[in-house]
Amino acid sequence: EKFKSAQLERVVGSAVAHFDGMTGEARTVTSGGGISRDVLQIYAIIMLYALNSTLQTPLEPFLVEHLMGKGTAAETTWGQLQSFQRIAQLLGAVAYGSFLDRYGCRAGLLLSNIACAVSFLLLANSTNITTLFLSKVPLLLSNPYLCAQTAVSQLTPEGGQRIVAFGRLATAFTLGGAVGPAVGGRLGAEGDYYFPAKIAFVGSFLGVAISYCVPAKMERDDARTEPLVDESGHGGQTGGPDAASGDAGAANNTPAMPWRTRVWTILSLVGWLILLKLVVTTASSMTFSAQALVLKNEFGLVQADMGLVMSSQFLFAALVTGVLLGPITKLLGGRARPVVMKCLPMIAIGYFVQAVMRSESLGLLNGLPPLVQTYIFISVSMFNMMMGFSMGTSLTAESTQLVPKDMKGTVLGLEHCMFSGARVVSPTMGIFVLTHAGSSMLYSFTGAVYAGAFVVWLIFSKYVLPSKTADDIEGGELKIKTPDAVELPTKPVKV
């Protein structure tokens, strides 16, 4: 039936999506290979949001120093400002899903862009550190990327076209985020740290205008075209949200476990892997949060240079995740476990090299010109970033391979929640170490965390990781050892 449906779509061709201005409804969505106007509008909103939100990023350390004066207090306050902003965004994300379910994606996009505009307006008029903190409060009501993901999932059919649409959404965000820091750094080079915020304020209202053109009601195309029989020939679900997310029991026709039971089962199977990734992610986030201060205070980067560095790192991250991640992973061994085994010591060495470079007693490369030292330091940071992406992806792959099929989504959600919490506290922790112990100690600490993680992996992985995963066993049937030594298949027996 799927094959016949696909052939019919090729014969009929792509439907042209358009907006009904009277009712605010999408009459149809693209079912072929083209991109509907509604989806293009979502891409434009996200690109504009990424541009607006990163214009001020390279200037914030300078703005805090401008408001408080030079010294440890300003650096500590900047770390607290980052943590405060992430807390606001994290708390807002908790309730945003329910808001979207009730009021729709257009309402979410409108609210998000209005909240951003208010935030930038307060920022552009902040005359002290208190009003600067207050400018982050409206971000509680802003989550454009979640709105865009939800809208794209409703405007595209399930399967390959939706995957491509999500990839294009990430590309749109990357393009905006890569341009923003460079432009913002250049605009603030003359000492006006508020001008980029004023531009972002205008840009946010442009996002409001585009959001208003998005259809108020979106019909999921795959909900009416997905057949009632899945590819395996079993009675299946229609292509709704539960089927797309792989909710427990939806795909396997098994009773859903209580949430607490699912979490406990996951932690008993892969809890130490999640903990390992959480520890190294927190350490990396500490150094990344403090990097701007290191580059400003120790390497003498000015506003425009800071913007160029941030834009370059944004583009490099996109290049790694979009192009280089696969070849790098294959070069390091292909499978998750050998990749993790090789990445951990390489990242540790990278951080130790940066620590030695910033050590006053050792002073590695002190004889080189300052500009060359800066390039080497940033290059090592990008190398650590590249290895970190490969290692993090491999750890996630290993975690999802070790749990039953109907728990893979819960693993990813649990990781996302834990890592979001870690990124809330890591800026304050990183800048605390930087201001009280110096940059060399900060990078030494992070290197030691990765070295310790490597030792733990080297010693314990062969004892706690099974020799076979769900992907290794033909048919995907993974048997889990219970305390009573009873083997429980995670898939029902086919009758």
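Everything that follows concerns the structure shown earlier in this document.
Residues numbered from 1 in each chain as written. Predicted model: local features only at pLDDT ≥ 70, side-chain atom pairs only at ≥ 80, totals over all residues. Heavy atoms only, no water.

**Student:** Before we move on, can you summarise the state of the cysteines with the specific residues and values?
**Tutor:** For the structure on display, the rule yields zero disulfides. Cysteine Cys-105 is unpaired, with the sulfur of Cys-147 as its nearest cysteine sulfur at 6.6 Å. Note on Cys-105: relative accessible area 3%, which makes it buried. (Disulfide = S-S within 2.5 Å. Buried < 20%, exposed > 50% of the residue type's maximum accessible area, 1.4 Å probe, protein only.)

**Student:** Could you give an account of the packing of aromatic side chains, with specific residues and numbers?
**Tutor:** Following the criterion strictly, the structure yields eleven aromatic pairs and no others. The interplanar angle of 85° and the centroid separation of 5.4 Å between the aromatic rings of Phe-377 and Tyr-443 together place this pair among those described as edge-to-face. Residue Phe-377 is found in helix H15 (residues 370-401), and its partner Tyr-443 is found in helix H17 (residues 439-464); the two are separated by 66 residues along the sequence. One exposure class covers both Phe-377 and Tyr-443, and it is buried. Note that Lys-296 overlies the ring of Phe-62, its terminal NZ or CZ placed 5.5 Å from the centroid. Sitting above the plane of the Phe-299 ring, Arg-358 keeps its charged end 4.5 Å from the centroid. (Phe/Tyr/Trp six-rings, centres within 6.5 Å; stacked < 30°, edge-to-face > 60°. Helix = DSSP H or I, 4+ residues; strand = E, 2+ residues; numbered from the N terminus. Lys NZ or Arg CZ within 6 Å of the ring centre and 35° of its normal.)

**Student:** Describe the packing of helix H5 (residues 105-124) against helix H7 (residues 144-155), listing the residues and the values that go with them.
**Tutor:** Contact geometry for H5 and H7: axes closest at 9 Å, N-to-C directions at 160°. If you check the angle between H5 and H7, you find them roughly antiparallel. For the crossing formed where H5 meets H7, the hand is left-handed. Listed contacts from H7 to Cys-105, Gly-108, Leu-109 and Ser-112 of H5 are Pro-144, Cys-147, Ala-148, Thr-150, Ala-151 and Gln-154. When its residues are assigned to classes, the contact of H5 with H7 shows six nonpolar, four polar and no charged. (Axes fitted to C-alpha atoms, helices over the stretch in contact; angles between N-to-C directions. Parallel < 35°, antiparallel > 145°, perpendicular 65-115°, else oblique. Left-handed = near helix turned anticlockwise from the far one by under 90°. Contact = heavy atoms within 4.5 Å. Nonpolar A, V, L, I, M, F, W, Y, C, P; charged D, E, K, R; others polar.)

**Student:** Tell me about the side chain of Thr-77, and name the residues and values.
**Tutor:** If you trace the backbone, Thr-77 turns up in helix H4 (residues 72-103). Ignoring anything within four residues of it in the chain, the contact list for Thr-77 reads Val-64, Met-68, Ile-129 and Phe-133.

Distances and angles like these do not, on their own, reveal function.
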